[in-house]
Structure formats: structure tokens, C-alpha cells
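Reading the structure
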Amino acid sequence: MGNESRAFRMTQGLRLDAIVNAVETFCRLEKHMETQSSPTTDGYVLQASQPKDGWKTISGTRLAITVHFMLTSDVLNVTIGEGQWSDKIGAGAIGWFIAWPLAVTAGYGAIQQKKLPSEIFAVIEKAIYTGGQQVVINGSGPTVAAGMMVCPKCRTQNSTAAKFCMSCGQPLSNNCPKCGQPLDPRAKFCPNCGQPR
């Protein structure tokens, strides 16, 4: 995996540390990684890796990544660097000669590592759209944040200004597809004609 970079436009009043916190939370809770971050002269650097244990290291499934956040005016440049590929290469080589299942797990680890940058970029986009606010989970499920609407296809929260879902690409509209009646973003059915959203 080489370095992958993307630029994001920051919304007014959004602090960089809120974006870094969102990525750290994702790495810790979703990927079970240990994280550490520190400010730099032009932003932040975050390092995350799954704890070293015998099985993940031998099998090549241990994830590791470095994320550089550089803020210039209102543009956030994010560069995601390579993890520890020696684990996967070593496991793959051992796997071919000793135990072929290790080659399979090393391949799985490589796929998981390759997916990680796009998952982190999605976390950053979501944090920018939500103004750095964490989505609150209650007994009835996720609460829709102020200024957000839910995609009718995949249920991802998007900015009310979005025309397409940031997760699945579904066109977003606040009008009923059948009668054109303006709908509340939380409505599942049109109050005018009963059409499902």
C-alpha cells in the first residue's frame, strides 16, 4: 500500500481536533486499535495499530496505519501512510512453505489493510458533515443530528444540503417521489399520498 491523500473543505467553526478525535474513536472502537496522536506545526499526526499478539502477527492480519492531518486555511489535507506490511509478507512466505492457511490469512490481512484508508476518509467526511458531533445512540437507535437527514436506502446521516448520499450514492430529496409533497427528513411515508420514501 502506498500513501493515499485526499483534501476536504472544513466547515466554519469546525476544529481539527474534532476530526482527529472521530478518527481515533473509529480506530479504537471499530478496528480495536491502539491509537496515539499529537499536534504538529501544521496539523496532527495519528498512529494506530492493533496490539501485537502472536496470532495476528503470525497470520498477517494485524492492522497498522499512520494518518497525517494538515490544515491550510479551510482545506484539510489528509495523507494515510503504510502500515506494517512485513507481518503480511512474512506470514505469506511462511504460509506457502509451511502452512498454506497462513497465506490465505495474510491475503485477508492485506485486503483489510487496503480498505482501511477509504474507511478513514469516510469517517472524516462524516465528521465534517456532522460538524464533529458524535451520533448519539439511544434505545430506539441513532438520533438524527441537527441539520442532517437520513438516506432512505442505507440509513446513513447526510447533510440536508447534500444531493446524494455520501455512503451509497442514492439521490437525496425532501420531496415525495410520487406527488412531490415536501417531506420531513425523518418521514418514512408521504403524509399526503402514503407513498413509502
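What you see is a predicted model; the values in this text were computed from it and never measured.

1. Observations concerning the overall build of the chain
Check the secondary structure of the chain and you find 4 helices and 9 strands. Looking at the 197 residues of the chain, the share that counts as buried comes to 38%. The contacts in the chain between residues at least 6 apart in sequence include a share of 45% that link residues at least 24 apart. Summing over all exposed atoms, the chain offers an accessible surface of approximately 11300 Å²; the carbon and sulfur share of this is 55%.

2. Digging into unusual backbone geometry
Among all residues except glycine, the phi angle is most often negative; among peptide bonds, the trans geometry is most common. Look at H32: it is not a glycine, yet its phi comes out positive at around 55°. Take H32: it is sitting in the loop between α1 (16-29) and β2 (34-40). The residue S73 is not glycine, and still its phi comes out positive at about 55°. Topologically, S73 is positioned in the loop between β4 (64-72) and β5 (75-81).

3. Things to note about the sheet that holds β2
The 5 strands lie next to each other as β1-β5-β4-β3-β2, forming an open sheet whose pairing is antiparallel. At either margin of the open sheet sits one strand with a lone partner, and together these are β1 (4-9) and β2. In this sheet, neighbouring strand axes are inclined to one another by 15° on average, regardless of whether the strands run parallel or antiparallel. Both β2 and strand β3 (residues 43-49) contribute to a ladder of 7 bridges, which runs antiparallel. For S37, the partnering residue across the bridge sits in β3 and is L46. Relative to β3, α1 is tilted by about 5°, and along the sheet it contacts β2, β3, β4 and β5.

Rules used in this analysis
- Residues numbered from 1 in each chain as written.
- Predicted model: local features only at pLDDT ≥ 70, side-chain atom pairs only at ≥ 80, totals over all residues.
- Heavy atoms only, no water.
- Helix = DSSP H or I, 4+ residues; strand = E, 2+ residues; numbered from the N terminus.
- Buried < 20%, exposed > 50% of the residue type's maximum accessible area, 1.4 Å probe, protein only.
- Contact = heavy atoms within 4.5 Å.
- Areas by Shrake-Rupley, 256 points an atom, 1.4 Å probe, with all protein chains shown as cover.
- Pairing = 2+ DSSP bridges.
- Axes fitted to C-alpha atoms, helices over the stretch in contact; angles between N-to-C directions.

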